[in-house]
Amino acid sequence: MEEAEQEKLRALNHQGEYIIRQASEKRVVLITPEYRSRALYPWEGGLIGDHSRISKDFFRCKGSILNPYLVVNDKAGQKNHFHDCGGRDKHSLPLRNGKEFVYPVLIDLLNYIQGKTGKKVIITSGHRCPQHNSYVDQSIVNQSSKHMVGAAVDFYVQGLEQRPEIVIDLIRQYYKENPFYQGKKEFEQFLTMQKSDTSPTITPLIYNREVSIRLYKKNEGRNFDNRHNYPYLTLMVRYDRDEKKGVVYTWHDAERNILRY
Ligand SMILES: [Zn+2]
């Protein structure tokens, strides 16, 4: 039989049938939905005030392939090209024991600042992979930046942009309040590095055993990650409490200790 004829036959035999039921007859009882607020994902870890709790996720490399390459002349007049990395899509944070790792004291301190001020901490530069690090700042000093090993963070506090001294005081306060450090002078006490050790124009570094704090004023310390106009703070880890040793940049930790996708 031709297909068209088959189709005609099918249409002839086709009969609609009503489904009849009583008005009161219900097969599925519908329950009025009840509003429930969304449960947090494990990595969100709750809010502090109105702001998300900072986690290591906030430290991911801010590189992007969309950024233009830079051409920088070196001292010999040679042109060097710097390409940015692909950012979080292309590589992980530094690893420790097979897991992504940022020094927990940085995360704790930033959450403490958010909790005390009720204002949002804006991380402008957390982890920088070696490629992004040299894209951000081509200076010699920056070549061994602890940003590459998850031991440094640049940030400011929204609403306290012009009052970084308040934030510095809070960091000092953290070391006085936290029971872990109480009575331990080397943590409770901050020292000021002598001017001769730092560039004379830049505010001297203050430090305790574990961290150092540097304030960059409005026109200082500008690099690709810090293109904003605010003063900002750099927090750096000096001492690893768990491993009981100093924290330094190593080529291996920076280059070989990240997963590339
Ligand atoms: Zn990167």
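Our subject is the structure listed above.
Undergrad: A description of the packing of helix H2 (residues 104–117) against helix H4 (residues 164–177) should follow, citing residues and the corresponding values.
TA: For the pair H2 and H4, the least separation of the axes is 10 Å and the interaxial angle reads 110°. Here H4 runs roughly perpendicular to H2, going by the angle between their axes. The handedness of the crossing between H2 and H4 comes out as right-handed. Listed contacts from H4 to Val 105, Asp 108, Leu 109, Tyr 112, Ile 113, Lys 116 and Thr 117 of H2 are Val 167, Leu 170, Ile 171, Gln 173, Tyr 174, Tyr 175 and Glu 177. When its residues are assigned to classes, the contact of H2 with H4 shows nine nonpolar, two polar and three charged.

Undergrad: Kindly report on the coordination of the zinc ion, identifying the contributing residues and their values.
TA: Taken together, Cys 61 (SG), Cys 85 (SG), His 91 (NE2) and Cys 129 (SG) make up the protein donors of the zinc ion, found 2.1 to 2.3 Å from the metal. For the zinc ion, the four donor atoms in the first shell make angles of 101 to 121° at the metal, so the coordination geometry reads as tetrahedral.

Undergrad: Lay out H4 in plain terms, naming residues and giving numbers.
TA: Taking 1.5 Å of rise per residue, 14 residues should cover 20 Å, and H4 covers 20 Å from first to last C-alpha, within 8% of that figure. Those residues of H4 that sit buried are Pro 164, Val 167, Ile 168, Leu 170, Ile 171, Tyr 174 and Tyr 175. With its buried residues spanning 155° around the axis, H4 presents them on a single face. Buried-residue contacts for H4 involve H2, strand E8 (152–157), helix H5 (185–188), strand E10 (206–207), strand E11 (211–216) and strand E12 (232–237).

Undergrad: Describe the packing of aromatic side chains, with residues and values.
TA: For the structure on display, the rule yields eleven aromatic pairs. Where Tyr 174 meets Tyr 175, the ring centres are 5.1 Å apart and the plane angle is 85°; that geometry is what we call edge-to-face. On the basis of an interplanar angle of 55° and a centroid distance of 4.6 Å, the ring pair of Tyr 175 and Tyr 181 is categorised as tilted. Judged by its relative accessible area of 0%, Tyr 181 falls in the buried class. A network of ring pairs unites the aromatic residues Tyr 112, Tyr 174, Tyr 175, Phe 180, Tyr 181, Phe 187 and Phe 190 as a single cluster. Over the face of the ring belonging to Tyr 239 we find Arg 209, whose NZ or CZ atom lies 4.0 Å from the ring centre. Between Arg 227 and the ring centre of Phe 224, over which it is positioned, the NZ or CZ distance is 3.8 Å.

Undergrad: Can you lay out the sheet that holds strand E7 (residues 121–125) for me, pointing to particular residues and giving the numbers?
TA: An order of E7-E8-E12-E11-E10-E9 is seen for the six strands of this open sheet, with the pairing classed as antiparallel. Here the strands that pair on one side only, and so sit at the sheet edges, are E7 and strand E9 (191–192). Summarising the sheet, E8 and E12 pair through four bridges and their orientation is antiparallel. The partner of Ala 152 across the bridge, within E12, is Met 236. Docked against the sheet, H4 engages E8, E10, E11 and E12, running at close to 175° with respect to E11.

Undergrad: Which residues make up the environment of Glu 186, and what are the values?
TA: When you line up the elements, Glu 186 lands in helix H5. Spatially, the C-alpha atom of Glu 186 lies 24 Å from that of His 147, the residues being 39 residues apart in sequence.

Undergrad: Residue-level account of the pairing of E8, with values.
TA: Within E8, six of the six residues are buried, leaving the element largely enclosed by the surrounding structure. Of the strand pairs in this sheet, E7 and E8 are connected by four bridges, and their pairing is antiparallel. Looking at the pairing, Ile 122 lines up with Tyr 156 of E8.

Undergrad: Report on empty space enclosed by the protein, specifying residues and quantitative values.
TA: Taken as a whole and judged by the stated rule, the model has one cavity of 30 Å³ or more. Considered as a void within the structure, the largest cavity measures approximately 40 Å³ in volume. As for the largest cavity, its lining consists of Phe 155, Tyr 156, Val 157, Leu 160, Glu 161, Pro 164, Val 167, Pro 231, Tyr 232 and Leu 233. With three residues, E8 is the single largest residue contributor to the lining of the largest cavity.

Undergrad: How would you sum up the environment of Asn 257? Please name residues and give values.
TA: Tracing the backbone shows Asn 257 in the segment after helix H6 (251–256). A sequence separation of 164 residues divides Asn 257 from Leu 93, and the C-alpha atoms of the two residues are 8.5 Å apart. When neighbours within four sequence positions are excluded, Asn 257 is seen to be in contact with Leu 93, Pro 94, Leu 95 and His 252.

Cut-off values and rules
Residues numbered from 1 in each chain as written. Predicted model: local features only at pLDDT ≥ 70, side-chain atom pairs only at ≥ 80, totals over all residues. Heavy atoms only, no water. Axes fitted to C-alpha atoms, helices over the stretch in contact; angles between N-to-C directions. Helix = DSSP H or I, 4+ residues; strand = E, 2+ residues; numbered from the N terminus. Parallel < 35°, antiparallel > 145°, perpendicular 65-115°, else oblique. Left-handed = near helix turned anticlockwise from the far one by under 90°. Contact = heavy atoms within 4.5 Å. Nonpolar A, V, L, I, M, F, W, Y, C, P; charged D, E, K, R; others polar. Donors = N, O, S within 2.8 Å, 3.2 Å for Na, K, Ca; no water. Tetrahedral: all angles 85-135°; square planar, octahedral: opposite > 155°, others 65-115°. Expected span 1.5 Å × (residues − 1). Buried < 20%, exposed > 50% of the residue type's maximum accessible area, 1.4 Å probe, protein only. Arc of directions from axis to C-beta. Phe/Tyr/Trp six-rings, centres within 6.5 Å; stacked < 30°, edge-to-face > 60°. Lys NZ or Arg CZ within 6 Å of the ring centre and 35° of its normal. Pairing = 2+ DSSP bridges. 1 Å grid on protein atoms, 1.4 Å probe; cavity = no way out; pocket = protein on both sides within 12 Å on 5 of 7 lines; lining within 4 Å. Points joined across faces, edges and corners; volume = space filled by probe spheres on them.

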